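Topology and contacts: notes
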Amino acid sequence: MMLGLFLPIQAGGWTGSTLQRTTTWTFDYNAALARQAEDLGFDIVFGLAQFLPKGGYNAVQNGTGIDSFITVGALAAITSRILLISTVHVLYGPWHPLHFAKFGATLDHISKGRWGVNVVTGHRTVEHEMFGWPQIEHDRRYELADEFLAVVQHLWAADENSLYAGESWRMKGAYVTPKPLFGRPVIVNATGSGAGIDFAAKHSDIVFISSPTGTAFETAIEALPDHVANVKRAARRVGREVKVIINPMVIIGETEDAANDYAEAIIAHSVTEGGVFGHIKSDAHAWAKRKEYDTPRQRALGGGNLQIIGGPEQVAESIARLKEAGIDGVQLSFFDFAPDLALFGARVLPLLKARGLRL
Ligand SMILES: Cc1cc2nc3c(=O)[nH]c(=O)nc-3n(C[C@H](O)[C@H](O)[C@H](O)COP(=O)(O)O)c2cc1C
């Protein structure tokens, strides 16, 4: 089972609660977390990307945050083994594929092949407007990203100068060297829609999914086997294999009771009112069902696309059940990252090793 840490490079991490915690969006905090994860033997650290208007989602998740491409890229110089995944909105700017290919090859060399990218197309309406246009239609975004990534991949592989005149990008005599050390960086795509899964099947090594139902573990675990199989089938249809990861929010305590008390305290200090995206409009298929399934308490607890609440045994058991559901890796979020990750390392990792899920 791959183990990843979802870095809180944005204020409030994944939870709008004022309960006291160490979590901050600063580079120093996230750099220390990346080192902590690496020391524990984690495989991946990962940063999300978002452009939020003033005020963000709520008083805690207030929109302050550092850029994923730059922050996670900077970790290349201060880590030595862990895979680093930056999230990039490839359609904003617009980025030119030549920029992206050159910057990616640079980070690939700095990290010695440990840098990869989560390619996203922008599900928040307000982000497209910030860049100066109305939100591009959902499936059309994946067509554009497909062209973008095809050009980038070509530049990473090409031995000669390239001439290209496509629908959205053009270049003449373009060339990128050095080449990435292992052909190309790891490519990830976070999605839940048909168009997104087809895109990921074609381009990605890792597909980052959400629960097709709500964040409650027991409903998610029923729906996941079919969803994961569907993603893997889509890749096989185009002759490829992909790994599937998901991002649980882990509310961990020394005991089950302590974890439940922790969850209650987080909820009691909640400042969220508007649900997952609050007042920020999104057309993401990946989270569409959360509005339908999630209770106000689950929304207040926040997190990624799944919630695991428990003592070390329950957390290990839940991760084992995700593995049985076909999941290849978990990208963990916590409420209070540094101490919760330390507890996970001390108490859950040995249980995962005993179950044969980790070496
Ligand atoms: C687990 C997961 C993580 C994501 N991380 C980001 C992110 O950091 N930034 C972003 O703009 N979108 C992110 N997304 C949103 C997706 O990129 C995508 O825009 C969204 O899911 C809508 O596409 P879909 O309808 O294909 O699911 C994430 C989605 C998932 C499922």
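Use the structure listed above.
These lines cover the structure that appears in this document, whether it is placed above or below.

Some points on the overall build of the chain
- Looking only at helices and strands, one finds 12 helices and 12 strands in the chain.
- For 359 residues, the compact-globule estimate of 2.2 N^0.38 gives 21 Å, and the chain sits close to it at 20 Å.
- Considering only C-alpha atoms, the chain reaches an extent of 65 × 45 × 40 Å along its principal axes.
- Taken across its 359 residues, the chain has 55% of its residues classed as buried.
- Carbon together with sulfur atoms contributes 55% to the accessible area of the chain, which is approximately 14,700 Å² in total.

Points about the sheet that holds strand β12 (residues 329-332)
- The strand order around the closed barrel formed by 8 strands is β1-β2-β3-β4-β7-β8-β9-β12, and the pairing between neighbours is parallel. Ignoring which end each strand starts from, the neighbouring axes of this sheet average 25° apart.
- Bridging between strand β1 (residues 2-6) and strand β2 (residues 44-46) involves 3 bridges; their strand directions are parallel. Pairing of Leu5 across the sheet is with Val45, part of β2.

As for the site of the ligand
- For the ligand, the set of nearby residues contains 22 residues, the closest of which are His89, His138, Tyr142, Thr191 and Ser193.
- For the ligand, an oxygen atom lies 3.1 Å from a polar atom in the backbone of Ala190.
- The backbone of Gly192 places a nitrogen or oxygen atom 2.8 Å from an oxygen atom of the ligand.
- About the coverage of the ligand: the protein hides 98% of its 610 Å² of free accessible area.
- Of all elements in the fold, only β3 (83-89), α5 (138-157) and β8 (206-209) reach the threshold of two or more residues within the shell around the ligand.
- The residue makeup of the shell around the ligand, split by class, is 10 nonpolar, 11 polar and 1 charged.

Definitions and limits used
- Residues numbered from 1 in each chain as written.
- Predicted model: local features only at pLDDT ≥ 70, side-chain atom pairs only at ≥ 80, totals over all residues.
- Heavy atoms only, no water.
- Helix = DSSP H or I, 4+ residues; strand = E, 2+ residues; numbered from the N terminus.
- Rg over C-alpha atoms; globule rule 2.2 N^0.38 Å.
- Buried < 20%, exposed > 50% of the residue type's maximum accessible area, 1.4 Å probe, protein only.
- Areas by Shrake-Rupley, 256 points an atom, 1.4 Å probe, with all protein chains shown as cover.
- Pairing = 2+ DSSP bridges.
- Axes fitted to C-alpha atoms, helices over the stretch in contact; angles between N-to-C directions.
- Near = heavy atom within 4 Å.
- Polar contact = N/O pair within 3.5 Å; in protein donor to acceptor, adjacent residues only side chain to side chain.
- Nonpolar A, V, L, I, M, F, W, Y, C, P; charged D, E, K, R; others polar.

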